[in-house]
Amino acid sequence: MILNDSARRLLREPLVHFLIAGAAVYALLSGRPPDAGERRIVVNERVVSALVSRFEESFRRLPTKDETDGLIRDWVQDQVYYREALSLGLDEGDEVVVRRMRRKMEAMAVADAESRTPSDAELQVMLDRDPARYAEDPQTSFDQVYLGADTPENRALAQNALARLRRGEAVSPTPAPIPATFNAARSEAISTQFGDDFAIALRNLAPGQWNGPLASGLGLHLVRVTARTAATAPSLQKVRQRVENDWRAAANLRAREEAYARIVKGYDVVIELPK
Amino acid sequence: MKDPLDGNLDRVQVIKGWVDAAGKAHEKVIDVVWSDMARRKPVNGKVHAVGDTVDVQRATFGNTIGAPSLATVWTDPEFDPTQRAFYYVRVLQIPTPTWMAYDRVKYGLRLPPEIPMKHQERAYTSAIWYSPA
């Protein structure tokens, strides 16, 4: 009887319940391999052929047997680390992961625009909207005589030198590593060498005659414009690639913005600025 | 030759380096060509400072001093054909405001006094090495 009583008391103990339940669970699960779901990594033909073709893309040949084994080993390591890191939550709050995921979403959004080829009519509309953007840079050919730094003395001497040049006499320039003649120079190149003010002043000179002195960032110059090509109205045929690039950039931007607007609608964004 | 948008040039220097018989290293800075040479005569082999047009309050400078380009031919008067040596050239600009000075004006900052407000920017060539034949 005493034994019976203590046995009944024992059966009421929560610890005993726990131990029995634990033993039952253990018995159920023991002998089962740890391959359920996320903990199983399968290297099948699809994986291997993807690895091989990526290798072939980089090295322009098929991998050897050893190299293939290496690729597989590395892929398995990737998977193990990746899954383990995810289960540890290492992707949380990682700026690089966040940015990468955003790029993938954006790439999905622009995939359509990226694969479309714009029609000539569409491009022509873009070209007509801003022809100056695609116009060829005007080119200027000119001769120049450098007269040294921009000082009052040199300015006075410049008048004399200009008169001599106009009479067809020679003037020896102040020695400096500046070419005496420029052939079909783009205004950008002229700006780089002489500064923007000089390039603009040069644009307003009538060709054929010595003029000046023009001041540049280097000093004073006497200048004779010999030839000039005007900015030409661009034909679509010539600038098609540039217009298409702009078209694509605009289309991608629009697609990204539309996709974002669609997604963000499902979110409640609260911005709490510090007071 | 200066940059057309930037400050004029103050001077060009040659820096010579050599090791003497006692194994001691020497370096010598020689001013070889500079702006306004008629008025700036060297004293004891040194040319005095070019001057200073920097307005720190407004972070501006003027190209009223210095030269747009400097050129010369220089021969080492102390050249010793039996001695190894290196030479390189250094070009000094006239004083200009530092980027901190520009930022100070643009953003209306108050900066501690140890921040330099002007400096002379410089450009270096690579060295040439002379070895006795």
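Everything discussed here concerns the structure shown above.
What counts, and at which threshold
- Residues numbered from 1 in each chain as written.
- Chains lettered and ligands numbered in written order.
- Predicted model: local features only at pLDDT ≥ 70, side-chain atom pairs only at ≥ 80, totals over all residues.
- Heavy atoms only, no water.
- Axes fitted to C-alpha atoms, helices over the stretch in contact; angles between N-to-C directions.
- Helix = DSSP H or I, 4+ residues; strand = E, 2+ residues; numbered from the N terminus.
- Parallel < 35°, antiparallel > 145°, perpendicular 65-115°, else oblique.
- Contact = heavy atoms within 4.5 Å.
- Nonpolar A, V, L, I, M, F, W, Y, C, P; charged D, E, K, R; others polar.
- Expected span 1.5 Å × (residues − 1).
- Buried < 20%, exposed > 50% of the residue type's maximum accessible area, 1.4 Å probe, protein only.
- Pairing = 2+ DSSP bridges.

Draft legend 1. Layout of the packing of helix α6 (residues 120-129) of chain A against helix α11 (residues 236-264) of chain A. Residues and elements named next belong to chain A. Between α6 and α11, the least distance of the axes is 9 Å, while the angle of their chain directions is 90°. With respect to α11, the axis of α6 lies roughly perpendicular. On the side of α6, the interface is formed by Asp120, Glu122, Leu123, Gln124, Met126 and Leu127, while α11 contributes Leu236, Val239, Arg240, Val243, Glu244, Asp246 and Trp247. Residue composition of the contact of α6 with α11, by class: 7 nonpolar, 1 polar and 5 charged.

Draft legend 2. Seen up close, helix α4 (residues 65-87) of chain A. All names here are of chain A. Taking 1.5 Å of rise per residue, 23 residues should cover 33 Å, and α4 covers 33 Å from first to last C-alpha, within 8% of that figure. The set of residues buried in α4 consists of Thr68, Trp75 and Gln79. On its buried face, α4 sits against α3 (45-59). Positive backbone phi, at 75°, marks Gly89, one or two positions downstream of α4.

Draft legend 3. Seen up close, the sheet that holds strand β2 (residues 181-186) of chain A. Residue and element names in this part refer to chain A. Pairing is antiparallel across the open sheet formed by 4 strands, whose spatial order is β2-β1-β4-β3. With partners counted over all chains shown, the strands left at the sheet margins are β2 and β3 (210-215), one partner each. In this sheet, adjacent strand axes meet at a mean angle of 40° when their direction is disregarded. Sheet topology places β3 next to strand β4 (residues 220-229); 4 bridges connect them, and they run antiparallel. Across the sheet, Trp210 pairs through a bridge with Arg224, a residue of β4. Helix α10 (residues 196-203) rests against β1 (139-146), β3 and β4 of the sheet, and its axis sits at about 55° to β4.

That is the geometry; function is a separate question.
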